[in-house]
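# Coordinate analysis (summary)
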Amino acid sequence: MSRRIAIVEDEPAIRDNYADALRQRHYEVATYANRREALEAFRLRLPDMAIIDIGLEDEPDGGFTLCRELRALSATLPIIFLTARDSDFDTVAGLRLGADDYLTKDVSLPHLLARIAALFRRSDLAGKMAEAEDVLRRGRLTLDLKRIMARWNGEPVDLTLTEFWMVHALAKFPGHVKSRDQLMAEARMVVDDSTITSHVKRIRKKFAARDPAFDCIETVYGMGYRWNDPHAAE
C-alpha cells in the first residue's frame, strides 16, 4: 500500500508541483489550500505524513496552528514544515510545536525526497525494533517501542516521532555520550546542530512538565549529550 502524504499549501502552482513530484515517486497525495480544509480532512482520516506551509491564505501563521492541532490528533505522525520563511525564530517555533523537520522552499527536490524517505524509515524502524524489544525501561523511564509511547514515573510524555527516537538513542546506553551526528543517525534524520539543540530543549521541557526535577539529559560541551539517571539502576 502506498504512503499517503498531505500537502497543505495555498499557492496552487507550488502545491501542484510538489504533488506531481511525489506521485511520480508512487506516493498517494492529498492537497489542501488552507488550514480549515486540511483539519476537517485530518479528523476523518490521518495521512502518513503532513507537509505544511506556515502562511495559509488569510492566516499568516495558519501552518503553526495546524501543526498544533495535528499533534493533538497524533503525537507520532511525521510533520515537515516547507516554507519560504527562513528565520531562526520560525524554525525554532515550528520544532517546538512538534514538527519533525523544517525546510525552506529553496530546498532541492532530491533533498526534499530524501528527508521524506528518512522520516518514513524511522516509522518503519519502530515496527522492526518492536519485534526484538517491545519495551525499554531505564529507571523512571519507560519506552514502548511498539506503540511509540514514553512514560516517566508511569505518566505519559507526549513525544513526537523524532523526539521519541532521540530519547531512545540516549537512554539505550546510559552514560554514553552521543554526538549530534550519532543522534541524527540513530534517530534517522539529517538536520543541522541548531535543530538538534531545539529538539533536546523541547524533550527536556516535556519531561520537566511531568517532573520539575528532571535532569537526565546532560549536555557534554563540545561532544554531545548523554542520559544519566541515578534511579536507572533501581
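The following refers to the structure shown. (Residues numbered from 1 in each chain as written. Predicted model: local features only at pLDDT ≥ 70, side-chain atom pairs only at ≥ 80, totals over all residues. Heavy atoms only, no water.)

## Notes on the pattern of salt bridges
- Here the structure, examined in full by the defined rule, presents 20 salt bridges.
- For Glu-9, the salt bridge identified is with Lys-105, shortest N-O distance 2.8 Å. On the criterion of sequence distance, the pair formed by Glu-9 in the loop between β1 (4-8) and α1 (12-24) and Lys-105 in the loop between β5 (101-104) and α5 (109-132) is long-range, its members being 96 residues apart.
- The exposure class of Glu-9 is buried, given its relative accessible area of 3%.
- Asp-100 serves as the salt-bridge partner of Arg-71, at 3.1 Å between the closest nitrogen and oxygen. A residue pair is termed long-range when its members are at least 10 positions apart, and Arg-71 in helix α3 (residues 62-73) and Asp-100 in the loop between α4 (88-96) and β5 qualify at 29 residues. This pair shows no difference in class: Arg-71 is buried, exactly as Asp-100 is.
- Among the ionic contacts, a cluster of salt bridges with common partners joins Arg-35, Arg-36, Asp-58, Glu-59 and Glu-69. (Salt bridge = Lys/Arg side-chain N within 4 Å of Asp/Glu carboxyl O. Helix = DSSP H or I, 4+ residues; strand = E, 2+ residues; numbered from the N terminus. Buried < 20%, exposed > 50% of the residue type's maximum accessible area, 1.4 Å probe, protein only.)

## Concerning the side chain of Asp-100
- In this structure Asp-100 comes out as buried when scored by relative accessible area, which is 1%.
- In this structure the side chain of Asp-100 is engaged in a polar contact, spanning 3.1 Å, whose partner is the side chain of Arg-71.
- Residue contacts for Asp-100: discarding those within four places in its chain leaves Arg-71, Leu-77, Pro-78, Ile-79, Leu-95, Leu-119, Arg-122, Thr-160, Leu-161, Thr-162 and His-199. (Polar contact = N/O pair within 3.5 Å; in protein donor to acceptor, adjacent residues only side chain to side chain. Contact = heavy atoms within 4.5 Å.)

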